[in-house]
Amino acid sequence: MSWKPVYGLLIFALTLFNYVMGWLISKTTTKRKLALVVAIAINLITLGFFKYTYFFRDLAASIGLQMGVQVPAIEWKIILPLGISFFVFEFIHYIVDVYRGSKPIRSFWDFALFASFFPTQIAGPIKRYQDFMPQIAPEVKKKLTLDMVQQSVYWIILGLIKKVLFADNLGIVVHSAFEHPELLSSLDLWLAVYAFAFQIYFDFSGYTDIARGSALLLGFKVPPNFNLPYWSSSISEFWKRWHISLSTWLRDYLYFPLGGNKGNRLFTYRNLMLTMILGGIWHGAAIHFAIWGFYQGLLLVLHKEFKHWTDKIAWFYQMKQSQVFHVFSIILTFHAVCLGWVFFRAENFSSSMLIIKRLLFLSQLSAPQIHVVVSPFVLTILNAKESVIFLLLPILLGLLLIGQWLAGVKEYRQMNPALPSTSLSVSSALPAIPLLKYRWLAAAALAVSICLLVIFSPDYAPQFIYFQF
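Residues numbered from 1 in each chain as written. Predicted model: local features only at pLDDT ≥ 70, side-chain atom pairs only at ≥ 80, totals over all residues. Heavy atoms only, no water.

A few words on the overall build of the chain. The helix and strand tally for the chain stands at 18 helices and zero strands. Counting only contacts in the chain whose residues sit at least 6 apart along the sequence, the fraction spanning at least 24 positions is 75%. When the accessible surface of the chain is totalled, it reaches about 23,600 Å², and 69% of it is carbon and sulfur. (Helix = DSSP H or I, 4+ residues; strand = E, 2+ residues; numbered from the N terminus. Contact = heavy atoms within 4.5 Å. Areas by Shrake-Rupley, 256 points an atom, 1.4 Å probe, with all protein chains shown as cover.)

Put into structure tokens, the structure is as follows:
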């Protein structure tokens, strides 16, 4: 609202609409399904207008060009409201759960707080009202303790260090590489893709840490959104560890309503593909996001098929239980995810395909504008002055792991007991450290590191990646 006041009216109108529809669905007995459809449709139309109008305009213009028909241009300028994807998903979750039998929220002001809770509104995690509302019940007495303060401050500083030290510094290299991929070798692009894999993780998990710390300072507990996703030994496990609130939302409100895995394997695979493609389009109104979703769905289908057939082979099933196979699976899963990140990060589909070909050594590097052909095994990207981050990365990662150990990261395991116990998880082996002074010491060290390595570049102004969604 401080930037565009009219958008305050947007979230207020949606809040009021969904509050009324929730009560209407809970009270009526004859037209509940109609009310549900109307409520979901209004939410999706609102999201679609702000997020996908230009996408459909460009698609229509492209089709019209092929048919010799000129599509009229859209004169008005549509600006995506901050956080609209997240609070619309929370509204849909609320409406659907009330339809399924959950009690609606009685107080409009409590419901408004659920929708506009600032720490999580901009980039999640996507809240469930059944978890959030009991925390504002009248009988719950809010008291800010010293332990809550030190935990909050640590989370906030940890989030800042993930963002400022890791994501922003890695982002310089990523930005340069993806802006001109045609000038880089295969090894250069692999290094850039690795950099983006960790950039997006540190960027988004850093925001989540800041959100959780800010919420706790207000007396609210927000669940974690990540659980060391790059330790995953399969793509299915990855999606249980990455953006947990979105993954579970897509499962509960898209995959299951489509039929889930209740039918035969082809029916299940169709539902998986549709869910992941729509999840990709949720991230952005562009073909390469849809391709990214398709790729993720394909990986999930291949993993399920692989598991279906290999579980029947006794010796292969036995081999899969070994630690060597587990480590191999983690490496393979990580690289499969990295290839997918190319579609997510590239500016368009043609650029992503160029990068994919070069990553797989299927395309010889040629830069005709400078009349040079470079070997695909040359690491030219390390000549950039910003590449100092690669020299500091092992040290910084070590410091971060020590800091997380001091903070007691095993809460991730406690809050996600359903995760496979055989998975390599640093968090499962890390004890909580009760001594207050150590956590403050770690927080102070992280704060000093932020001051030393913050980026002051007029050409690169990093923002949180998920702000654009």
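This next bit is on the side chain of S185. When you line up the elements, S185 lands in the loop between helix 7 (146-179) and helix 8 (186-217). For S185, the side chain forms a polar contact with the side chain of D188, separated by 3.1 Å. (Polar contact = N/O pair within 3.5 Å; in protein donor to acceptor, adjacent residues only side chain to side chain.)

Turning next to the packing of helix 8 against helix 14 (residues 323-345). Running from N to C, helix 8 and helix 14 cross one another at 85°; their axes reach a closest spacing of 9 Å. Taken as axis vectors, helix 8 and helix 14 run roughly perpendicular relative to one another. When helix 8 is examined against helix 14, the residues W190, V193, Y194, F196, A197, F198 and I200 are found in contact with a partner set consisting of F334, H335, C338, L339, W341, V342, F344 and R345. Looking at the contact of helix 8 with helix 14 residue by residue, the class counts come to 13 nonpolar, one polar and one charged. (Axes fitted to C-alpha atoms, helices over the stretch in contact; angles between N-to-C directions. Parallel < 35°, antiparallel > 145°, perpendicular 65-115°, else oblique. Nonpolar A, V, L, I, M, F, W, Y, C, P; charged D, E, K, R; others polar.)

What follows covers a nonpolar patch on the surface. Together, F56, L59, I63, M67 and V69 line one region of the surface with nonpolar side chains, adding up to about 510 Å² of accessible area. By the element assignment, L59 lies in helix 2 (residues 32-67). Judged by relative accessible area, which is 38%, L59 ranks as partly exposed. (Patch = residues over 30% accessible without salt bridge, like charges linked within 9 Å, V, L, I, M, F, W, Y side chains within 5 Å. Salt bridge = Lys/Arg side-chain N within 4 Å of Asp/Glu carboxyl O. Buried < 20%, exposed > 50% of the residue type's maximum accessible area, 1.4 Å probe, protein only.)

One can describe the packing of helix 1 (residues 6-27) onto helix 4 (residues 108-116) by two numbers: an axis separation of 10 Å at closest approach and a directional angle of 125°. When the interaxial angle is binned, helix 1 and helix 4 end up oblique. As for the relative orientation of helix 1 and helix 4, their crossing is right-handed in sense. Where helix 1 approaches helix 4, its residues I11, F12, T15, L16, N18 and Y19 are matched on the opposing element by F108, F111, A112, A115 and S116. Residues of the contact of helix 1 with helix 4, tallied by class, amount to eight nonpolar, three polar and no charged. (Left-handed = near helix turned anticlockwise from the far one by under 90°.)

It is characteristic of soluble globular proteins that their nonpolar side chains tend to be buried jointly. The biggest cluster of nonpolar side chains holds 108 residues, and the ones touching the most others in it are I200, Y230, W242, W341 and Y466. Considering every element that reaches this core, the biggest residue donor is helix 8, with 15 residues. Contact partners of I200, with chain neighbours within four places excluded, come to Y230, W242, W341, F344, I465 and Y466. (Core = buried A, V, L, I, M, F, W, Y, C linked by side-chain atoms within 4.5 Å.)

As a further point, take the confidence of the model for the chain. Scored by pLDDT, the chain has a mean of 79; 78% of the residues are at 70 or more. Low pLDDT (under 50) marks residues 365-375, which in the prediction has 17 contacts with non-local residues, meaning those over four places away or in another chain. A low-confidence stretch, residues 406-436 stays under pLDDT 50, and its non-local contacts, those more than four residues away or across chains, total 62 contacts. (pLDDT = per-residue confidence, 0-100.)

What follows deals with the pattern of salt bridges. Taken as a whole and judged by the stated rule, the model has 11 salt bridges. Between R251 and D252 there is a salt bridge, and its shortest N-O distance comes to 2.7 Å. Classification of D252 as buried rests on a relative accessible area of 12%. When salt bridges with common partners are traced through the structure, they connect R128, R251 and D252 into a single cluster.

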